[in-house]
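Coordinate inspection notes
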Amino acid sequence: MNKDFAHTPDRFLSHLESLFSVTLQDAREIMFHFHEEMRRGLAGERSSLKMIPSFVSRPKGTEKGNFLALDLGGTNIRVLAVELDGKGNATLAAVSRFVISHEAMGGSGDTLFNFIADCIQSFFREQHLGMQQACDLAFTFSFPVEQRSIASGKLICWTKGFTTSGVEGRDVVALLAEALQRKDMGFIHVAALANDTVGTLVAKSYADPDCDMGVILGTGTNACYPEKIARILKYHCSGASAEMIVNMEWGGFDKLKTNRYDQVLDRASHNSGLQQLEKMVSGMYLGEIARLVIVEMIEKGLLSLPAFSEAYALTTEHLSNTAQGQDLFSDFGLAHVSAADRQTIREICRIVSTRSARIAGAAIAAVIAWMDADLESSHTVAIDGALFEKYPGFNNNMTDMLLDVFGDRAKRIKLYLVKDGSGIGSAIIGAVAASARR
Ligand code: BGC
């Protein structure tokens, strides 16, 4: 590192800007490596993209009925009742949200699955639903799962800070079914298992046939798209349908240019060496990257702030609030912060979040180019997650990257927010699975 780089905050910030930049050339390299890793992952070769077949294709829009879904994401559990009218409209009839406790995230598998079963029981009570009538439930489980069928799959590894013991390597549908039995809810049948990206894609494509990508930009990040079965070389079964949605697990992509802050963050994390893209892009980590920069600037005397020594004390929500002009410092008990320091912190947030959005944009560009190299068709990308929904300018920064890569043709790509898509989509998947059994 050049020793002269950092004598003033301004010089430090311009050094930081170059450290976090994602140029068009970088984007082309990301796309090239994405295609390599996608090819390997689909062939069953060693790859940082797991490319997991989901056993689901896009819906027809004619699926009909009332369905239950359980959505286990990064920080919340949601139980939902969804009504499908068979004409492309999916309505959320009822939803209950529960915050996942620290004991459930870091304790035993039984504690976690008992907690999930308790949430389902509370939902039944809140919605005055009968406790005995047989019903189907679709399970959105937002972690890497080696799926074996539409309703079974083993957890490969936890992400997003979960360390629950005794679940990795086990079938999560069986674990949920056992917990439901323990809580006298054996009348609930787990009909489908889906990743949140797959739910999001299915939810949007229920009404929009142009939708061919599902992306999550929230606590974690990931994407899926419909792949021709003939190109999934590692998948040996043949089915009625010519395509199957593939859960890429793109958070694991490991061909990005990391800097010293990324390396410090990774070394201190629960899953060091894994989830490189996720750690540079997703909401769980952006606050921590910014905090590491702030701590270094404090140590160098370039910021006169006393706080920020606690890991993960600064969250992506703080960054987002700062970008909206809100006061970040009162949350940390700091009343007298100079205008110059405030401006420096705003710049750090902008630099860290812009890199995240540009990497996400380049990754979307890679998947679209894989499906349609000359961008001949229109593509709707269904996106869920607070980073995309709430972070000021995030969407624009992603769109700028798509414009850099594709020029005017980028207009054929529509980035679309799909709220609650993961739960609604898995209810649709449950509907397809349940009708296939009848
Ligand atoms: C998980 C994915 C999930 C993503 C978004 C990642 O940490 O590995 O399965 O789709 O988070 O929730």
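See above for the structure.
1. Notes on the overall build of the protein
- Along the backbone of the protein there are 14 helices and 13 strands.
- For 438 residues, the compact-globule estimate of 2.2 N^0.38 gives 22 Å, and the C-alpha radius of gyration of the protein, at 22 Å, lies within 12% of that figure.
- Projected onto its principal axes, the C-alpha positions of the protein cover 70 × 50 × 35 Å.
- The 438 residues of the protein split such that 55% are buried.
- Contacts in the protein between residues at least 24 apart in sequence constitute 70% of all its contacts with a sequence separation of at least 6.
- A total of about 18400 Å² of accessible surface is found on the protein, and carbon and sulfur atoms cover 50% of it.
- Side chains of the protein carry 44 positive and 51 negative charges; the gap between the two charge centres is 2 Å.

2. A look at empty space enclosed by the protein
- Using the criterion set out here, one finds one cavity of 30 Å³ or more in the structure.
- Here the largest cavity defines a volume of roughly 70 Å³.
- Lining the largest cavity are Ile 52, Ser 54, Phe 141, Phe 143, Val 145, Gln 147, Leu 193, Ala 194, Asn 195, Val 198 and Asn 247.
- Put simply, the parts of the chain that give the lining of the largest cavity at least two residues each are strand S6 (145-149) and strand S8 (188-194).
- The class makeup of the residues in the lining of the largest cavity is seven nonpolar, four polar and no charged.

3. Focus: the nonpolar core
- Counting 82 residues, the largest nonpolar core has Phe 34, Trp 250 and Ile 364 as the members making the most contacts within it.
- Apart from residues no more than four positions distant in its own chain, Trp 250 is found in contact with Phe 34, Leu 49, Met 213, Val 215, Thr 221, Asn 222, Ala 223, Leu 277, Ala 360, Ala 363, Ile 364 and Val 367.
- In terms of nonpolar packing, the next biggest core, distinct from the first, is built from 40 residues, Leu 68, Ala 94, Phe 141 and Phe 143 among them.

4. Examining the side chain of Ser 422
- For Ser 422, the position within the fold is in helix H14 (residues 421-437).
- A distance of 2.6 Å separates a polar atom in the side chain of Ser 422 from a polar atom in the side chain of Asp 71.
- Those residues in contact with Ser 422 that lie beyond four places of it in its chain are Asp 71, Arg 78, Thr 140, Asp 196, Gly 199, Thr 200 and Asp 384.

5. Things to note about the packing of helix H4 (residues 109-126) against helix H5 (residues 172-182)
- Put simply, H4 and H5 touch, their axes get as near as 9 Å, and they point 60 degrees apart. Where H4 crosses over H5, the two elements pack in a sense that is right-handed. Contacts between H4 and H5 involve Asp 110, Phe 113, Asn 114, Ile 116, Ala 117 and Ile 120 from the former and Val 172, Leu 175, Leu 176, Ala 179, Leu 180 and Arg 182 from the latter.

6. Section: the pattern of salt bridges
- Under the counting rule described, the total for this entry stands at 24 salt bridges.
- Notably, a salt bridge pairs Glu 17 with Arg 350, separated by 3.0 Å at the nearest N-O pair. Placement of the pair is Glu 17 in helix H1 (residues 9-19) and Arg 350 in helix H11 (residues 339-371), with a sequence separation of 333 residues.
- Taking the relative accessible area as the measure of exposure, Glu 17 reaches 37% and is therefore partly exposed.
- Salt-bridge contacts for Asp 420 lead to Arg 97; the nearest nitrogen and oxygen are separated by 4.0 Å.

7. Remarks on the pairing of strand S10 (residues 221-228)
- Within S10, seven of the eight residues are buried, leaving the element largely enclosed by the surrounding structure.
- As defined by bridge partners, strand S9 (residues 211-217) adjoins S10 across four bridges and the pair is classed as antiparallel. Bridge pairing links Val 215 to Ala 223 in S10.
- Hairpin connection between S9 and S10: a loop of three residues separates the two successive antiparallel strands.
- Of the strand pairs in this sheet, S10 and strand S11 (residues 243-247) are connected by five bridges, and their pairing is antiparallel. By the bridge assignment for S11, Lys 228 is matched with Glu 243.

8. Observations concerning unusual backbone geometry
- The backbone of Phe 55 shows a phi angle near 65 degrees, a positive value even though the residue is not glycine.
- In this structure, Phe 55 sits in the loop between strand S1 (52-53) and strand S2 (64-72).

Reading the values: the criteria
Residues numbered from 1 in each chain as written. Predicted model: local features only at pLDDT ≥ 70, side-chain atom pairs only at ≥ 80, totals over all residues. Heavy atoms only, no water. Helix = DSSP H or I, 4+ residues; strand = E, 2+ residues; numbered from the N terminus. Rg over C-alpha atoms; globule rule 2.2 N^0.38 Å. Buried < 20%, exposed > 50% of the residue type's maximum accessible area, 1.4 Å probe, protein only. Contact = heavy atoms within 4.5 Å. Areas by Shrake-Rupley, 256 points an atom, 1.4 Å probe, with all protein chains shown as cover. Lys, Arg positive; Asp, Glu negative; His and termini not counted. Charge placed at Lys NZ, Arg CZ, Asp CG, Glu CD. 1 Å grid on protein atoms, 1.4 Å probe; cavity = no way out; pocket = protein on both sides within 12 Å on 5 of 7 lines; lining within 4 Å. Points joined across faces, edges and corners; volume = space filled by probe spheres on them. Nonpolar A, V, L, I, M, F, W, Y, C, P; charged D, E, K, R; others polar. Core = buried A, V, L, I, M, F, W, Y, C linked by side-chain atoms within 4.5 Å. Polar contact = N/O pair within 3.5 Å; in protein donor to acceptor, adjacent residues only side chain to side chain. Axes fitted to C-alpha atoms, helices over the stretch in contact; angles between N-to-C directions. Left-handed = near helix turned anticlockwise from the far one by under 90°. Salt bridge = Lys/Arg side-chain N within 4 Å of Asp/Glu carboxyl O. Pairing = 2+ DSSP bridges.

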